[in-house]
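Working through the structure, step by step
Each chain is listed here by its residues.
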Amino acid sequence: MKKIICVILAVLTAVLSCSCSRFNAPIGLYLPPPDGGMTVRFLNVSQGDCTLIESGDEFMLVDSGEYDYIESVINTMKLCGVEKLTYIVATHPHSDHVGGMRKVVNTFDTGSFITTELDSDAYYWTELLELLDDKEISRIDAEAGKTYKLGDAEFTILAPLGSGYKEENNYSVTIMIRCGNAKFLLTGDAERESEYEMLSAREALEADVYKCGHHGASHSSTAAFLREVNPVYAVVSCAKHNSYGHPSQETLDRLSLLGTKVYRTDILGNIIAVTDGKTITISGEAKADSSTYTVGEKNTVPSALDLVGNVKSKRFHDPICSSAKEINEKNRISFTSRQEALDQGYTPCLQCQP
Ligand SMILES: [Zn+2]
Ligand SMILES: [Zn+2]
């Protein structure tokens, strides 16, 4: 009942205060998903990640963003009708992903808390673990292959597949969320090492919406990985003019070769994707930039995103690597997967590490 009142209030507020297009949030932001469908809200938390997923009567939160933005996240969640989170997924213990999570656990009932085996000494993480203990919420270490149900949707853990990573971001929990035929892939801050492990594991990685790993950084969203995911829409969560240069031009170039439409929180604010399992409509809050796609009608991967080998040096490259562009036409060979290049005795370029 509380949820219905919240939705009615949200719609009324929007109607009264908004003379703009119907596609504009806040209407879209607070509305529940269609029957049997799912809403995925990529909340704008400046430099960080925070995704709220709703299906049936259930909610799940993947990361919380930094502590500084948690008040606004919690207000949005309340207006969406959240009282309980069936799942929290904390992809990895970096503050831009879990800095505000204590406040979330303190505000909403929490079912299961799924995270990675990596721990941190940071106060926001140790205090979060203590809070979970106090509330007798058990910590589940993500196990690749496990599937969980959320309303009319379900999600499967794809990574991490290994351990002992030098780069902590590779411990990120990666999940594939399915509702009907629609698929969403969220990789946290996973970088190329984790992406290549997922490719080697021959996981089904194809998805309609892909939240770019590590805020669109160049060491994530590699060409080999993107070829398999082949997303129609990519979402980048990052701050305006951030000091990391996220998203990187390399990632944007690869997505452009693929023909993927990019939605960025630094430009569009909150980004909302709604699916009934057959179509996906995605829009940004700041601009009426809405697009609808019928699931299954995506293009095949263009050859422009092939990996490029040099028959002389026996090295292979990402198609946007400067060395790839210099290879003479007669020495050039292309591969449609990493494995194909490796099987033919080619080694990865040390610069682009494809
Ligand atoms: Zn990180
Ligand atoms: Zn991050």
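All figures in this text were calculated on a predicted structure; none of them were measured in a lab. (Residues numbered from 1 in each chain as written. Chains lettered and ligands numbered in written order. Predicted model: local features only at pLDDT ≥ 70, side-chain atom pairs only at ≥ 80, totals over all residues. Heavy atoms only, no water.)

Let's talk about the side chain of Asn-270
Its place among the elements puts Asn-270 in the loop between α10 (265-268) and β14 (271-275). Since its relative accessible area comes to 11%, Asn-270 is described here as buried. Here the side chain of Asn-270 touches Asn-44 through a polar contact of 2.7 Å, landing on its backbone nitrogen. Here the side chain of Asn-270 touches Glu-285 through a polar contact of 2.6 Å, side chain to side chain. If near-sequence neighbours (up to four positions away) are discounted, Asn-270 is found in contact with Leu-29, Phe-42, Leu-43, Asn-44, Ser-283, Gly-284 and Glu-285. (Helix = DSSP H or I, 4+ residues; strand = E, 2+ residues; numbered from the N terminus. Buried < 20%, exposed > 50% of the residue type's maximum accessible area, 1.4 Å probe, protein only. Polar contact = N/O pair within 3.5 Å; in protein donor to acceptor, adjacent residues only side chain to side chain. Contact = heavy atoms within 4.5 Å.)

Some details on the domain arrangement of the protein
Domain annotation for the protein reports domain 1 (33-294) and domain 2 (306-348). Once you take the C-alpha centre of each, domain 1 and domain 2 turn out to be 32 Å apart. Buried area between domain 1 and domain 2, summed over both chains or domains, comes out near 800 Å², and the portion from carbon and sulfur atoms is 62%. The largest share of the area that domain 1 buries against domain 2 comes from Tyr-196, Ala-223 and Arg-227, three residues that together contribute 47% of it. For Arg-254, the salt bridge is made with Asp-318, and the minimal N-O distance between the two is 3.1 Å. Where domain 1 packs against domain 2, one counts three residue pairs in polar contact (both at pLDDT 80 or more). (Domains from an automatic or database assignment. Buried area = accessible area lost by both parts, 1.4 Å probe. Salt bridge = Lys/Arg side-chain N within 4 Å of Asp/Glu carboxyl O.)

Brief notes about the coordination of the zinc ion (ligand 1)
Around the zinc ion (ligand 1), the protein contributes the donor atoms His-92 (NE2), His-94 (ND1), Asn-169 (OD1) and Asp-189 (OD), at 2.2 Å from the metal centre. Because the angles between the four donor atoms bound to the zinc ion (ligand 1) fall within 87 to 166°, the donor set is best described as irregular. Expressed as a motif, the donor residue spacing for the zinc ion (ligand 1) is H-x1-H-x74-N-x19-D. Separating the zinc ion (ligand 1) from the zinc ion (ligand 2) is a distance of 3.7 Å, and Asp-189 supplies a donor atom to each of them. Here His-92, found in the loop between β4 (84-90) and α4 (95-98), pairs with Asn-169, found in the loop between β8 (153-159) and β9 (174-179); they are 77 residues apart in sequence, far enough to count as distant. For the residue pair His-92 and Asn-169, the accessibility class agrees, reading buried in each case. (Donors = N, O, S within 2.8 Å, 3.2 Å for Na, K, Ca; no water. Tetrahedral: all angles 85-135°; square planar, octahedral: opposite > 155°, others 65-115°.)

Section: the coordination of the zinc ion (ligand 2)
Distances from the zinc ion (ligand 2) to its protein donors, Asp-96 (OD), His-97 (NE2), Asp-189 (OD) and His-215 (NE2), fall at 2.1 to 2.2 Å. Every donor counted, the four donor atoms about the zinc ion (ligand 2) form angles of 85 to 144° at the centre, which fits irregular coordination. Donor residues binding the zinc ion (ligand 2) come from one chain and are separated in sequence as D-H-x91-D-x25-H.

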